[in-house]
Protein chains: 2
Amino acid sequence: MINPNIPDSSFPRVVIIGAGFAGINLVKTLRRKPFQVVLINQNNYHLFQPLLYQVATAGLEPSSIAFPIRGIFSHKENFIFRLAEVMQINTENNYVETNIGEIHYDYLVIATGSTGNYFGNSHFEELGHGMKSLYEAVGLRNFGLRGLENALLLTNVEEKKEALNIVIVGGGPTGVELAGALAEFRKTIFPKDYPELSPDMMTIHLIEGSPKLLLNMSPEASAHTFKYLTRMGVQIRLNAKVEDYDGRHVFLGDGTSITTKYFIWSAGVKGNMPPGLNPEVIERNSRIKVNEYNQVQGFTNVFAIGDVAQMTTDARYLKGHPMLAQVAIQQGKNLGRNLINLRKNKPLSVFLYKDKGTMATIGRNKAVADIGKLHVTGFFAWVIWMTVHLMFLMGFRNKVIVFINWVYSYFTYERGTRILLKRH
Amino acid sequence: MINPNIPDSSFPRVVIIGAGFAGINLVKTLRRKPFQVVLINQNNYHLFQPLLYQVATAGLEPSSIAFPIRGIFSHKENFIFRLAEVMQINTENNYVETNIGEIHYDYLVIATGSTGNYFGNSHFEELGHGMKSLYEAVGLRNFGLRGLENALLLTNVEEKKEALNIVIVGGGPTGVELAGALAEFRKTIFPKDYPELSPDMMTIHLIEGSPKLLLNMSPEASAHTFKYLTRMGVQIRLNAKVEDYDGRHVFLGDGTSITTKYFIWSAGVKGNMPPGLNPEVIERNSRIKVNEYNQVQGFTNVFAIGDVAQMTTDARYLKGHPMLAQVAIQQGKNLGRNLINLRKNKPLSVFLYKDKGTMATIGRNKAVADIGKLHVTGFFAWVIWMTVHLMFLMGFRNKVIVFINWVYSYFTYERGTRILLKRH
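Residues numbered from 1 in each chain as written. Chains lettered and ligands numbered in written order. Predicted model: local features only at pLDDT ≥ 70, side-chain atom pairs only at ≥ 80, totals over all residues.

A.B. asks: How should I be thinking about the overall build of chain A in this particular structure?
C.D. replies: Scanning chain A for helices and strands turns up 11 helices and 24 strands. The globule rule puts the C-alpha radius of gyration for 424 residues at 22 Å, and the 22 Å found for chain A is close to it. Looking at chain A residue by residue over its 424 residues, the buried ones come to 50%. Considering only residue pairs separated by 6 or more positions, chain A has 63% of its internal contacts joining residues 24 or more positions apart. (Helix = DSSP H or I, 4+ residues; strand = E, 2+ residues; numbered from the N terminus. Rg over C-alpha atoms; globule rule 2.2 N^0.38 Å. Buried ≥ 20, exposed ≤ 12 C-beta atoms within 10 Å, placed from the backbone. Contact = placed C-beta atoms within 7 Å.)

A.B. asks: For this particular structure, what's the right way to read the interface of chain B and chain A?
C.D. replies: Quoted interface sizes are often the accessible area lost when the parts come together. Every contact between the two is made by 42 residues of chain B and, on the other side, 43 residues of chain A. Along the lines of polarity and charge, the residues of the side of chain B that touches chain A split into 21 nonpolar, 12 polar and 9 charged. (Nonpolar A, V, L, I, M, F, W, Y, C, P; charged D, E, K, R; others polar.)

A.B. asks: Got a minute to help me understand the nonpolar core in this structure?
C.D. replies: In globular proteins that are soluble, nonpolar side chains generally tend to be buried together. Ranked by internal contacts, the top residues of the largest apolar core, which has 258 residues, are Ile16 and Val109 of chain A together with Ile16 and Val109 of chain B. When neighbours within four sequence positions are excluded, valine 109 of chain B is seen to be in contact with Val14, Ile16, Ile17, Leu26, Phe303, Ile305 and Leu335 of chain B. (Core = buried A, V, L, I, M, F, W, Y, C linked by C-beta atoms within 7 Å.)

A.B. asks: Even after reading the chapter, I still don't get the relation of the copies chain B and chain A, so can you show me in this structure?
C.D. replies: Note on the chain copies: they are related by a rotation about an axis and a translation along it. For the pair chain B and chain A, the relating rotation is 180°, the translation along its axis is 0.0 Å, and the fit reaches an RMSD of 0.0 Å. The two molecules are tied by a two-fold rotation axis, judged by turn and shift. Among all C-alpha atoms of chain B, that of isoleucine 401 of chain B lies closest to the rotation axis, at 3.3 Å. Comparing interface residues between copies, 100% of those in chain B also sit at the interface in chain A, which points to an isologous, same-surface contact. (Least-squares fit on C-alpha atoms with pLDDT ≥ 70 in both.)

A.B. asks: Even after reading the chapter, I still don't get the pairing of strand 17 (residues 262-265) of chain B, so can you show me in this structure?
C.D. replies: Walk down a regular strand and you will see the side chains alternate between the two sheet faces. All names here are of chain B. By the alternation rule, side chains of strand 17 split into Tyr262 and Ile264 and Phe263 and Trp265, which are all buried. Pairing of strand 11 (residues 166-169) with strand 17 involves 4 bridges; the strand directions are parallel. When the sheet's bridge partners are listed, valine 167 is paired in strand 17 with phenylalanine 263. (Pairing = 2+ DSSP bridges.)

A.B. asks: Help me understand helix 10 (residues 378-392) of chain B, please; the structure alone is not making it clear to me.
C.D. replies: Note that an α-helix has 3.6 residues per turn; residues three or four places apart therefore point the same way. Residue and element names in this part refer to chain B. Taking 1.5 Å per residue as the helical rise, helix 10 with its 15 residues ought to reach 21 Å, and the 21 Å between its terminal C-alpha atoms agrees with that figure. Buried within helix 10 we find Ala381, Trp382 and Trp385. Angular distribution of buried residues about the axis of helix 10 spans 105°; they occupy a single face of the element. Away from its buried face, by an angle of more than 90 degrees, helix 10 presents the exposed residues Phe379, Phe380, Thr387 and Met391. Residues of helix 10 that are buried make contact with strand 22 (358-363), strand 23 (366-371) and strand 24 (374-377). (Expected span 1.5 Å × (residues − 1). Arc of directions from axis to C-beta.)

A.B. asks: Can you help me understand the packing of helix 1 (residues 21-29) of chain B against helix 9 (residues 325-343) of chain B in this one?
C.D. replies: Packed helices, taken two at a time, are described by the angle their axes make and the gap between the axes. Residue and element names in this part refer to chain B. At a minimum axis separation of 7 Å, helix 1 and helix 9 run at an interaxial angle of 30°. The orientation of helix 1 relative to helix 9 falls into the category roughly parallel. The two elements helix 1 and helix 9 cross, and the hand of that crossing is right-handed. Residues Phe21, Ala22, Gly23, Asn25, Leu26 and Thr29 of helix 1 form the contact with helix 9, whose participating residues are Ala325, Ala328, Ile329, Gln331, Gly332, Lys333, Leu335, Gly336 and Arg337. Considering only residue class, the contact of helix 1 with helix 9 consists of 7 nonpolar, 6 polar and 2 charged. (Axes fitted to C-alpha atoms, helices over the stretch in contact; angles between N-to-C directions. Parallel < 35°, antiparallel > 145°, perpendicular 65-115°, else oblique. Left-handed = near helix turned anticlockwise from the far one by under 90°.)

A.B. asks: Explain unusual backbone geometry to me, please; I cannot follow it from the model alone.
C.D. replies: Here asparagine 5 of chain A, not a glycine, exhibits a phi torsion of approximately 50°, which is positive. For asparagine 5 of chain A, a count of 15 C-beta atoms within 10 Å translates into the label partly exposed.

A.B. asks: Help me understand the environment of leucine 206 of chain B, please; the structure alone is not making it clear to me.
C.D. replies: Residues and elements named next belong to chain B. Its location among the elements puts leucine 206 in strand 12 (residues 204-207). According to the C-beta neighbour criterion, leucine 206 is buried, with 29 such atoms within 10 Å. For the pair leucine 206 and glycine 170, spaced 36 residues apart in sequence, the C-alpha to C-alpha distance is 7.0 Å. With near-sequence residues (within four places) excluded, leucine 206 lies in contact with Ile168, Gly171, Gly175, Ala179, Leu229, Val234, Gln235 and Ile236.

A.B. asks: Teacher, can you tell me more about helix 9 of chain B here?
C.D. replies: Residues and elements named next belong to chain B. Over its 19 residues, helix 9 extends 27 Å from the first C-alpha to the last, a length consistent with the 27 Å expected when each residue adds 1.5 Å. Taken together, the buried positions of helix 9 are Val327, Ala328, Ile329, Gln330, Gln331, Gly332, Asn334, Leu335, Gly336, Asn338 and Leu339. In the core, the buried residues of helix 9 are packed alongside strand 1 (13-17), helix 1, strand 9 (107-110), strand 20 (302-304) and strand 21 (309-311). Of the residues trailing helix 9, asparagine 345 is marked for its positive phi of about 55°.

A.B. asks: Help me understand the sheet that holds strand 22 (residues 358-363) of chain A in this model?
C.D. replies: Picture the strands of a sheet paired through backbone hydrogen bonds; they go either parallel or antiparallel. All names here are of chain A. Pairing within the open sheet is antiparallel, and its 3 strands lie in the order 22-23-24. A strand with exactly one partner marks an edge of an open sheet, and here the two such strands are strand 22 and strand 24 (374-377). Sheet twist, expressed as the mean angle between neighbouring strand axes with direction ignored, is 10°. Here strand 22 runs beside strand 23 (residues 366-371); their pairing, made up of 5 bridges, is antiparallel. Bridging from a neighbouring strand, threonine 358 pairs with aspartate 370 of strand 23.

A.B. asks: Even after reading the chapter, I still don't get the sheet that holds strand 2 (residues 36-41) of chain B, so can you show me in this structure?
C.D. replies: All names here are of chain B. Strand order across the open sheet formed by 5 strands is 5-2-1-9-20, with parallel pairing between neighbours. Each edge of the open sheet carries a strand with a single partner, namely strand 5 (79-83) and strand 20. Strand after strand, the sheet turns through a mean of 15° between neighbouring axes, direction not considered. Judged from the 4 bridges that link them, strand 1 and strand 9 form a sheet pairing that is parallel.

A.B. asks: When you look at the pairing of strand 22 of chain A in this model, what are you seeing that I'm missing?
C.D. replies: Counting buried positions over the 6 residues of strand 22 of chain A gives 5, a clear majority of the element. The loop that links strand 22 of chain A with its antiparallel partner strand 23 of chain A comprises 2 residues; one of these, asparagine 365 of chain A, has a positive phi angle of about 65°.

A.B. asks: Whenever I open this one, the confidence of the model for chain A confuses me. Can you help?
C.D. replies: Detailed reading of the predicted coordinates is not advisable wherever pLDDT is low. Summing up the model confidence of chain A, the mean pLDDT is 94 and the portion of residues at 70 or higher is 99%. Scored as a whole, the predicted complex attains pTM 0.93, and scored at its interfaces, ipTM 0.90. (pLDDT = per-residue confidence, 0-100.)

A.B. asks: Explain the domain arrangement of chain A to me, please; I cannot follow it from the model alone.
C.D. replies: Residue and element names in this part refer to chain A. Split into domains, chain A comes out as domain 1 (13-116 + 270-343) and domain 2 (122-267). The distance between the C-alpha centroids of domain 1 and domain 2 comes to 32 Å. Each side of the interface is counted separately: domain 1 has 14 residues, and domain 2 has 17 residues. Listed by contribution, the elements that provide at least two residues to the side of domain 1 that touches domain 2 are helix 2 (52-56) and strand 10 (114-116). By residue number, the principal contributor to the side of domain 1 that touches domain 2 is helix 2, which donates 5 residues. Classifying every residue of the side of domain 1 that touches domain 2 gives 9 nonpolar, 5 polar and no charged. (Domains from an automatic or database assignment.)

A.B. asks: Help me understand the environment of glycine 20 of chain A, please; the structure alone is not making it clear to me.
C.D. replies: Residue and element names in this part refer to chain A. As for its placement among the helices and strands, glycine 20 is situated in the loop between strand 1 (13-17) and helix 1 (21-29). Looking at glycine 20, the number of C-beta atoms within 10 Å reads 25, which means it is buried. Not counting chain neighbours up to four residues away, the residues in contact with glycine 20 comprise Ala111, Gly113, Gly306 and Ala328.

What follows is the structure, given as structure tokens:
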């Protein structure tokens, strides 16, 4: 049998599932504290998800936005990392069942993030492309580059146009940023690299079910985003419902359809719940109900933080906090302090989210940011966006390499990583 | 039916198979000349093979050593690129059969490079790892990183040692550089990232059939390489023959065996011959016999250049030129000039290889270089090696990013790209 081979420790063991913003910040807070920290993740890296769309559009390399977990916590005592997948949580007997064996815990922290919500239609998941993992982003890059090569072989203009149609479902940050990046690819790379095709053969559709883009941002941000994307030639449909996708046709609620093989689903997220918890503590959106200390209902030693946690105790966020990196970071840190308090028999401190603002980038010199009551757009917002993302990106090497890629793209209008890594 | 969809041109068409050093330099020489140039390659990028071992050992990202072909020749008139695989060459009817249809030519240039030579033992190919493509290098990186994670799960020291054995067959440049990079990984990354394992559990074996490493270099270079690698803890066996590999045991000619799952074959190369040529023009090592103008025997309009060409007309290279980037570059350029001469009815110029030296790097501050009668070793050779490789690496962005990765690794003893990109 496989054995997780985790040594015994005189300290209580905290098992953390997930190395996203929440999990990583929790581990950092527990540095040199009297705990044995066991971090379980299904990848050996921490992923900086906000820049995933730049990997998908050949602007950045996977390793620029992924940082090896062992590198983050090297030389750390009482820290154990295991590359593993969780099969089941057993809260009765305090262990996690994984593909490498059972891992017992004294405290369990579920920080498994979110995953695409397909609202029960398996076609969207199976026939379309998601944008939640590095694997999916690289897959989308390869799929797009190969699609362009294939379009060259067609002799009929109508066929070419059909082959170059892109449909993005969901006008949230991922959909908006992806649509903007693809519009820039069409404008700058397309005429240089594919002189046999014409940029106007490629149509980028962005479909949103609600009456506005970036639903969670200010009306100013939404309006500017709409204006920017429209100017960049993106076909936006608001209040539009996608009924189905059959691998070639996207069927919309108004009876029309769009023909495309390049179908990206970014219309919803839900909690990425590991099995085993009592169904009563799971909300409809697969998030886990937690109290103001991120404790899962009915437990004192089981916690959920980040996207997967739904805390409704704050009057400002009665439907739970938005699924944002900042919430995850702050919850990870607060829980770290609370675990230390628990050991010292001190009272726990309530989690209070400090909103540092939200932002999205649409393209070159174009971004929108809501910072408190301030609404910034255009070049200034774009500079803020870049600065903040470089600040939060982990690792000095990654910061420098992302910065150079951005400077390079800015001045040359090139995208350096449009290589098609062949699978055999 | 698929159609390569290549427009007609008033210029004669040169079809080039392969976008390695030979093919790329030929295309460059034909820029703005009266030819329609059609380049066929099975990847959409030009690969800088000399740094492949750094991708395999998590020092560089794939896109740092791969340059998109469309980016190299953007805006170029009369240039057509097709991502395609060649099935068969038909010299009787002057066309190339590919997976995207038939491509007719007036002049054909075969620049398909070299591939691993397994000397008829399919076990080496099927059960071991090659080091000739970007796909193989990334595969080796993933395999190695996963192997380390798996070794952690073992509880028995002997089992761990077995799981951490590495066997590299072939003491040429690839084998030597890979062994050196792995020895550095063991020394610098291992103690930091895998405190649960001990560096002395990992053994790196380098097996060479001849009496010395780097057979094609000077005795000074070979001796220094042996000394460097031995000091770095690599177990070198000279005059050793590998008889077989069964997926777990490497069987040597002296009756001993080594247990390993990490088996790298870099013991031989042969011409990467597309089918369809008359067997009489193919040498035993699968290279194509060419005359002093790189013309394939029996043709005036079919050429072979680079690794796949065997030219025996130069008294200095009666067994053909070494398979080196410099030979390929110079043959590509010479053929370009000769094609222009052909069109002008001028006499062709004989290819004469100008040896600019050979070099290999073993590790930090350690390299060997033969430049004419000069033999340089140590730190100075290492600086030359880095400078030359940066010079020949294509693209300003790639040069800067490789340089930064090297500087970063030099000062931090880190390797930035050790991420395990998961396949589903």
